[in-house]
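Residues per chain are reported as follows:
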Amino acid sequence: MKSIVILISGRGSNMEAIVQAAIPGARIAAVISNRPNAGGLAFAAAQGIATAVVDHTAYADRAAFDAALAAVINRHAPDLVVLAGFMRVLTPDFVRQYEGRLINIHPSLLPSFTGLHTHQRALEAGVRVHGTTVHFVTAELDCGPIIIQAVVPVMAGDDEAALSARVLAQEHRIFPQAVRWIVEDRVSIDGSVARVAGVREPGVLISPPPEDV
Ligand code: GRF
């Protein structure tokens, strides 16, 4: 049984999708938030999952926060640490500690649109397709070997809310899929590339193409 710790900062809908996938061989050991009022904590507690808050505002600097966070994570001896809408930049020391077992979901087709406000920036750039990426975390923000991506069309008349909702629906599909592959020991890291054993099209899902209007 693989032990998984999920870190959240807010709503926690991706965490929920992973919990609800009930992945064989995986146990969600804990859900940890850096914000005491994160909506997702209530869902996790109602599922009987251990929850904890490590409030970043209580720490003098990133290093002190990351050390406190790691101490709470390590109580659960996780095989995998999942950043599911965890909105803090982590120090290289923290990242190194979990090398190869720390994954994140980012709401864009990396390496495009790293950072914040990805949907608005995609609209402003006029891209025709957008999407989401699950990747291993490395010291550089929103980089690291890509495990799976989902592509969605950008449609005429989209605003940030419409586009982000379309992307989020795909996040809820690909994140549990990535966790499942890792739990099944099918994902390996080859330099800057992640490989998934036994998948012919390794992790690109394309949602149905838009129809003519
Ligand atoms: C998601 O869009 C995720 O890609 C981004 O933050 C959002 C978190 O949503 N990193 P939720 O808390 O999982 O509902």
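Scope of this entry: the structure provided in the associated data block. Within every chain, residues take consecutive numbers counted from 1 along the sequence as written. Local features in this predicted model are restricted to residues of pLDDT 70 or higher, and side-chain atom pairs are both shown and tallied only at a pLDDT of 80 or more, whereas totals for entire chains, interfaces and linings draw on every residue. The side-chain numbers reported here are obtained from all heavy atoms of the structure, hydrogens and water having been left aside.

Quick notes on the packing of aromatic side chains
Our working rule: Here a Phe, Tyr or Trp ring, Trp counted by its six-membered ring, pairs with any other such ring whose centre lies within 6.5 Å, and the pair is stacked when the planes are under 30 degrees apart, edge-to-face when over 60, and tilted otherwise. Partly exposed residues are those whose accessible area sits between 20% and 50% of the maximum for their type, while under 20% is buried and over 50% is exposed, using a 1.4 Å probe and protein chains only. Criterion for a charge above a ring: Arg CZ or Lys NZ at most 6 Å from the ring centre, at most 35 degrees from the ring normal.
Scanning all chains against the criterion turns up two aromatic pairs. Ring geometry for F94 versus Y98: centroids 4.9 Å apart, planes at 50°, classification tilted. On the accessibility criterion, F94 (2% relative accessible area) is buried. Y98 sits in the buried class, given a relative accessible area of 0%. Taking NZ or CZ as reference, R88 lies 5.8 Å from the ring centre of F65, over its face.

What about helix α6 (residues 160-183)?
Which entries qualify depends on this criterion: Helix and strand assignments come from DSSP, with helices taken as H or I runs of at least 4 residues and strands as E runs of at least 2, each series counted from the N terminus. Every helix has an expected span of 1.5 Å times one less than the residues it contains.
When the terminal C-alpha atoms of α6 are compared, their 34 Å separation across 24 residues agrees well with the 34 Å that a helix rising 1.5 Å per residue should span. Where α6 terminates, the next one or two residues include D185, which has phi positive at roughly 60°.

A look at the nonpolar core
Rules: For this analysis, a nonpolar core means a set of buried residues of the types Ala, Val, Leu, Ile, Met, Phe, Trp, Tyr and Cys, connected via side-chain atoms within 4.5 Å. Note: domain ranges come from an automatic or database domain assignment. Residues are treated as being in contact if the distance between any of their heavy atoms lies within 4.5 Å.
Ranked by size, the top nonpolar core spans 35 residues in total, and within it I6, V82, I103 and I147 carry the most contacts. No fewer than three residues from each of domain 1 (1-98) and domain 2 (105-213) sit in this core. Every residue in contact with V82, bar those within four places of it in the chain, is listed here: I4, V5, I6, L7, I18, I103, F175 and V179. Grouped together as the second largest cluster of nonpolar side chains are 20 residues, I32, A70, L83 and F86 included.

Geometric descriptors of this kind do not, in isolation, establish any biological role.
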